[in-house]
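Architecture and fold: a report
The residues making up each chain are set out below.
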Amino acid sequence: MKVFPLHEGSYSVDSSKKFIPFDPAIHSPKDRPASLFVYVQPFLIETSDSLIVIDAGLGYKDDDGELIIHKNIRQAGYHPGDVNLLLMSHLHFDHSAGMIYEKNGRHELTFPNAEYVINRHEWENAYSHPSKSYRTEIFDVVQRSGSIHFIEGDGRFNDKITYEVTGGHCEFHQVFHLEDKDEKVFYGGDILPEPEQLLRKFKAKYDFDGARAMELREQYGKQAADNNWLCLFYHAKSEAMGRVEYSGDAFKVIGEQLGR
Ligand SMILES: [Zn+2]
């Protein structure tokens, strides 16, 4: 299994839920009052029979008008058209906006040959609970494409991929386990978005159920340590991938490079 973080950039976000590019080398946090600072990186995974993207990013383009995620996939040595699975942890804007993009005034799928794997209840919630976090105009385009593969609950997608509904961050948030040969990869989405979240206990305001999310972080952290999972961190500032150690009631994350 080869894993590549597809770093899309860093952003500030305030109560408007708009993501504005933030480069710490140029911008000062003082100019973005009451903002959270968010790093975004989907992942590209090659198994022996699939090319997989996990979560779709923001769908931002570079100065030449090319999607950053497409550029990153090419730089890793692959073609966006070869991606055959897009696994979605949940549908909040910063994970789902990049499912589609605009090209010559038309909306296109970012991964035209991929099945878009989405939890059915998360999809229904996005439509029945409109909010700034769910942009249904994006989902309308995906639905018309006929590319969706809905899943529900916990289960096995194929011989290498399993999924679990966790709740916590949003009601039907899900996580993915990938196993190929001896390598075990864990994608915790916004339950385990960055290594720092394992190092201290806290309830986050942005979680649907903060207590549950905190419990899950600890639970997955311990399982990751016990099973030597390679953990992928979507919102990591520094280490996008790492293995977890747990001893004396404390976690440690050892960063890892793989695939490059
Ligand atoms: Zn989210």
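So, here is what we can say about the structure in this document. (Residues numbered from 1 in each chain as written. Predicted model: local features only at pLDDT ≥ 70, side-chain atom pairs only at ≥ 80, totals over all residues. Heavy atoms only, no water.)

Regarding helix α3 (residues 120–128), the residues found buried are E122, W123, N125 and A126. The arc enclosing the buried residues of α3, seen along the axis, measures out at 165°, which places them on a common side. Residues of α3 that are buried make contact with β10 (115–119), α4 (136–145) and β11 (148–151). Where α3 starts, the residue carrying a side-chain oxygen 2.8 Å from the main-chain nitrogen of H121 turns out to be N119. (Buried < 20%, exposed > 50% of the residue type's maximum accessible area, 1.4 Å probe, protein only. Helix = DSSP H or I, 4+ residues; strand = E, 2+ residues; numbered from the N terminus. Arc of directions from axis to C-beta. Contact = heavy atoms within 4.5 Å. Polar contact = N/O pair within 3.5 Å; in protein donor to acceptor, adjacent residues only side chain to side chain.)

With that out of the way, let us pick up unusual backbone geometry. One non-glycine residue with positive phi stands out, namely D55, at about 60°. Looking at the secondary structure, you find D55 in the loop between β6 (51–54) and α1 (68–75). On the basis of relative accessible area, D55 is assigned to the buried category, the value being 0%. Of note, K181 is a non-glycine position whose phi angle comes to about 55°, a positive value. Here K181 shows up in the loop between β14 (174–180) and β15 (183–187). A relative accessible area of 68% places K181 in the exposed class.

Let us now look at the packing of aromatic side chains. All told, the structure shown has 13 aromatic pairs when counted by the stated rule. Through a chain of ring-to-ring contacts, the aromatic side chains of W123, Y127, F139 and F150 assemble into a single cluster. Here the guanidinium or amino end of R135 rests over the ring plane of F93, the centre of that ring lying 3.9 Å away. (Phe/Tyr/Trp six-rings, centres within 6.5 Å; stacked < 30°, edge-to-face > 60°. Lys NZ or Arg CZ within 6 Å of the ring centre and 35° of its normal.)

A word on the side chain of S133. Along the polypeptide, S133 turns up in the loop between α3 and α4. Filtering out sequence-adjacent residues up to four positions away, S133 remains in contact with K17, L91, H92 and F93.

Once that is clear, we can look at the packing of α3 against α4. Where α3 meets α4, the closest approach of the two axes is 10 Å, and the angle between their N-to-C directions is 130°. The orientation of α3 with respect to α4, classified from their angle, is oblique. In the crossing of α3 with α4, the sense of the turn from one axis to the other is left-handed. Here W123, A126 and Y127 of α3 lie close against α4, whose contacting residues are T136, F139, D140 and Q143. (Axes fitted to C-alpha atoms, helices over the stretch in contact; angles between N-to-C directions. Parallel < 35°, antiparallel > 145°, perpendicular 65-115°, else oblique. Left-handed = near helix turned anticlockwise from the far one by under 90°.)

As a further point, take the sheet that holds β11. Reading across the sheet, the six strands line up as β1-β5-β6-β7-β10-β11 and stay open at both edges, with mixed pairing between neighbours. In this open sheet, the two strands that pair with only one neighbour each are β1 (2–5) and β11. Here the strands of the sheet are splayed against their neighbours by 20° on average, with no regard to which way each runs. Note that strand β7 (residues 85–87) and β10 share three bridges and pair parallel. Following the sheet pairing, L87 is matched in β10 by V117. Its contacts with the sheet put α3 on β10 and β11, and the angle it makes with β10 is roughly 75°. (Pairing = 2+ DSSP bridges.)

Let us look at the nonpolar core. In this structure, L44, I73, L91, M99, F111, Y116 and L232 are the most contacted members of the largest nonpolar core, which totals 60 residues. When neighbours within four sequence positions are excluded, F111 is seen to be in contact with V53, I69, I73, P80, V83, L86 and Y116. (Core = buried A, V, L, I, M, F, W, Y, C linked by side-chain atoms within 4.5 Å.)

Turning to the pairing of strand β8 (residues 100–103), a few remarks are in order. Pairing of β8 with strand β9 (residues 106–109) involves four bridges; the strand directions are antiparallel. Residue pairing in the sheet places I100 in a bridge with L109 of β9. Turn length for the β8-β9 hairpin, with the two strands adjacent in sequence and antiparallel, is two residues, and the turn residue N104 shows positive phi of about 50°.

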